[in-house]
Amino acid sequence: MTQMKRRLRLLFLAATLAAFGIILSQFYWVYYNYSVSKTNFINTANYALQKSIDAYQLGHNKLPTSLDYKDPSLTVFMRTIPSQDSLAFDTPSVKRRFSAEFMTVAVDTNSLEQIRGLIARLVSQEKHSEINADTLTIFFHEALLKNGITDKFRITISPNPKHPPSKEEIAELVYFHRSPVLIRAELLKPNQFILRHNLLSALISCLLILLCAGSLFYMWRIIRSQMRLDSMKTDFINNVTHELRTPITILKASTEAMISFGAGEDPESLRRYLETNSTVLDGMNDNVERILDFSKWENKAPAPNIEPVDLPRLVFGIVGRFAPAATTPIKYRIGVEEVMTDANMLETILSNLLDNGLKYGGPEIQIDAASLKNGWYMTISDNGGNIPPQSLPYIFDKFYRAQTGDLHEVKGYGLGLAQVRQLVTGLGGSITVKSVTGKDTVFTITFTSHE
Ligand code: ADP
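Quick caveat, the model's predicted, so the values are computed rather than measured.

**Things to note about the site of the ligand**
In the vicinity of the ligand lie 19 residues, with Y360, N386, R401, G414 and L417 positioned nearest. A distance of 3.1 Å separates an oxygen atom of the ligand from a polar atom in the side chain of K359. Out of a free accessible area of 530 Å², the ligand has 98% covered by protein chains. Of the pockets mapped on this structure, the ligand occupies the largest pocket.

Here's what the structure looks like:
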């Protein structure tokens, strides 16, 4: 038992560690996913910004027509200083000699775009032309669309920037403007971007985390109920053995008396011994029947035979059966006349609850019944109030017996309340219990129709 407990605890610990590992890695994954998608987004947007600035320049500056020819070419005026002696450079008074020539160079079509962009920049730099933010925004959104980005941006142009743009920014430093400027693009709805790019992965992670935590909780409950079942199984075996040992001892003693001490020869003694044996055997038979009934009903509850039942009469009959042997007075106040129920099932329910009240309860038992707006209820209370609060959730479980000090003084298999719940549910009702230490223990059964 203890070894099993230890093993289950270890298993639970391992599962907890694994679950925490999964949860942590999920958090990390969501964060990693977010930063990667953010970096990718910034890089793509920066690339689009560069492209849109290029496109703007190309659209706003005249380029040499020769670049549009079938065989594009560029004519450059080349000025070269043949002898580059440092003295000639540093001393303005020294006349510098230079040679100059026009040269037409063919432009490779593969690098045509680059050269067009470069010349557009150079021309615009030379002309100190200004950039119009609104027009650039249109170019930028077009370039973004080509890269699959539909988010809207605001473009701002700040002159004479003090710092170069940071890695987190979508910005470009340009020098061809009248003075150096920083062209910055800001997302109009940054939250939307975060949501769109991370919602799915965050949802999947949340789901996994919930699944992990849920299964862990479920596992913990299973382990606990397994441990409880295990100890209840031991209790049950002890109870059954105990219950069997007493009648066996009586039967053995009376049989020996009949065989060895000549009781068999005296018809009067023989009759008494046989009567005792028969009562003992009836008791054993009852116990076996109860256990068998329970396991039979556990698999398939009997269908109730619903009919009008005179409740005061039924209660009167049951109390009358218990009263002669009971040392505790049983009082009742039945405020309902006729109810629709299965009389046999209700009798078993009431008998079990009364039996418990007599076994475990205080010096008085009270049965009350009253009608409700759409049904009726019955309470069976005793002033024993000794079900420990931690046992309350389990007392309707099969084989469960509350761990009170004098448990083994009172006979039982822990099946009574399990059977009661089974029957109440079978009749479409519900049962609850309240027990305040030193005060009352109250079982309430309620039957309501949902029409
Ligand atoms: P059993 O009586 O065979 O032990 P039950 O299923 O009828 O099994 O009851 C389960 C446990 O609930 C009992 O062992 C007892 O500890 C507790 N119990 C039930 N009824 C009462 C009551 N009226 N007062 C105090 N304890 C009760």
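Okay, back to it.
**A closer look at the state of the cysteines**
According to the stated counting rule, one finds 0 disulfides in the structure shown. The thiol of C206 is unpaired, and the distance to the nearest cysteine sulfur, on C212, comes to 12 Å. On the accessibility criterion, C206 (44% relative accessible area) is partly exposed. Note on C212: relative accessible area 16%, which makes it buried.

**Comments concerning the sheet that holds strand β9 (residues 365–372)**
On the basis of which strands lie adjacent, the open sheet formed by 5 strands has the order β7-β9-β10-β12-β11 and mixed pairing. A strand with exactly one partner marks an edge of an open sheet, and here the two such strands are β7 (330–334) and β11 (430–435). Strand after strand, the sheet turns through a mean of 15 degrees between neighbouring axes, direction not considered. Examined bridge by bridge, β11 and strand β12 (residues 441–448) share 6 bridges and lie antiparallel to one another. Within β12, the residue paired with S430 across the bridge is T446. Contacts from helix α7 (residues 311–322) reach β7, β9 and β10 (375–382), with the element oriented near 175 degrees to β7. Packed onto the sheet, helix α8 (residues 343–360) meets β7, β9, β10 and β12 and runs at close to 25 degrees relative to β10.

**Examining the layout of surface pockets**
Roughly 1,100 Å³ of internal volume is contained in the largest pocket. Forming the boundary of the largest pocket are 44 residues, of which D355, K359, Y360, K411 and G412 lie nearest the centre. Every element with two or more residues in the lining of the largest pocket is listed here: α5 (190–260), α6 (267–299), α8, β10, α9 (416–426) and β12. Take the lining of the largest pocket: its biggest share by element is 9 residues, from α6.

**A look at a nonpolar patch on the surface**
Together, Y28, Y31, Y32 and V36 give the surface a local cluster of nonpolar side chains, amounting to about 470 Å² of exposed area. Among the structural elements, Y31 can be located in helix α1 (residues 2–60). Relative accessible area serves as the criterion here: at 54%, Y31 is assigned to the exposed category.

**Structural notes on the packing of α6 against α9**
For the pair α6 and α9, the least separation of the axes is 11 Å and the interaxial angle reads 40 degrees. One way to sum up the angle between α6 and α9 is to call them oblique. When the axes of α6 and α9 are compared, the crossing they make is left-handed. Here α6 contributes R290, F294, W297 and E298 to the contact with α9, which in turn contributes G416, A418, Q419, Q422 and L423. For the contact of α6 with α9, the per-class residue count stands at 4 nonpolar, 3 polar and 2 charged.

The rules behind each value
- All residue numbers refer to position in the chain's written sequence, counted from 1.
- Confidence filtering applies because this is a predicted model: local features only for residues at pLDDT of at least 70, side-chain atom pairs given and counted only at 80 or more, and all residues used for totals across whole chains, interfaces and linings.
- The side-chain figures draw on all heavy atoms in the structure; neither hydrogens nor water molecules are used.
- Here a residue is near a molecule or strand as soon as one of its heavy atoms is found within 4 Å of it.
- In the analysis that follows, any N or O atom pair within 3.5 Å is treated as a polar contact, provided that within protein one partner can donate a hydrogen and the other can accept it, and provided that, for residues neighboring in sequence, both atoms belong to side chains.
- In short, Shrake-Rupley with a 1.4 Å probe defines the accessible areas, and a residue's cover is counted only from the protein chains shown.
- The method works on a 1 Å grid over the protein atoms by themselves. A cavity is a set of points holding a 1.4 Å probe that cannot get out, a pocket is an open set with protein on both sides within 12 Å along at least five of seven lines, and residues with an atom within 4 Å of a point line them.
- Placement in a cavity or pocket follows one criterion, namely that more than half of the molecule's atoms lie within 2 Å of its grid points.
- Disulfides are defined as cysteine sulfur pairs within 2.5 Å.
- We call a residue buried when its accessible area falls under 20% of the maximum for its residue type, exposed when it is over 50%, and partly exposed in between, using a 1.4 Å probe and counting protein chains only.
- We treat two strands as partners when DSSP finds at least two bridges between them.
- Think of it this way: any DSSP run of H or I at least four residues long counts as a helix, any run of E at least two long counts as a strand, and we number them from the N terminus.
- Here the axes come from fitting lines to C-alpha atoms, over the contacting stretch only for helices, and the angles between their N-to-C directions go from 0 to 180 degrees.
- Contacts: residue pairs with any heavy atoms within 4.5 Å of one another.
- Grid points are joined across faces, edges and corners, and a volume is the space filled by probe spheres set on the points.
- Without a salt bridge and with relative accessible area above 30%, a residue can belong to a patch; like charges are then joined within 9 Å and nonpolar side chains (Val, Leu, Ile, Met, Phe, Trp, Tyr) within 5 Å.
- By definition, a salt bridge exists where a carboxyl oxygen of Asp or Glu is found within 4 Å of a side-chain nitrogen of Lys or Arg.
- Note that the term roughly parallel is reserved for angles under 35 degrees, roughly antiparallel for angles over 145, roughly perpendicular for angles of 65 to 115, and oblique for everything else.
- Left-handed describes a crossing whose near helix is turned anticlockwise from the far helix by less than a right angle; the clockwise case is right-handed.
- In this classification, the charged set is Asp, Glu, Lys and Arg, the nonpolar set is Ala, Val, Leu, Ile, Met, Phe, Trp, Tyr, Cys and Pro, and all remaining amino acids, among them Gly, are polar.

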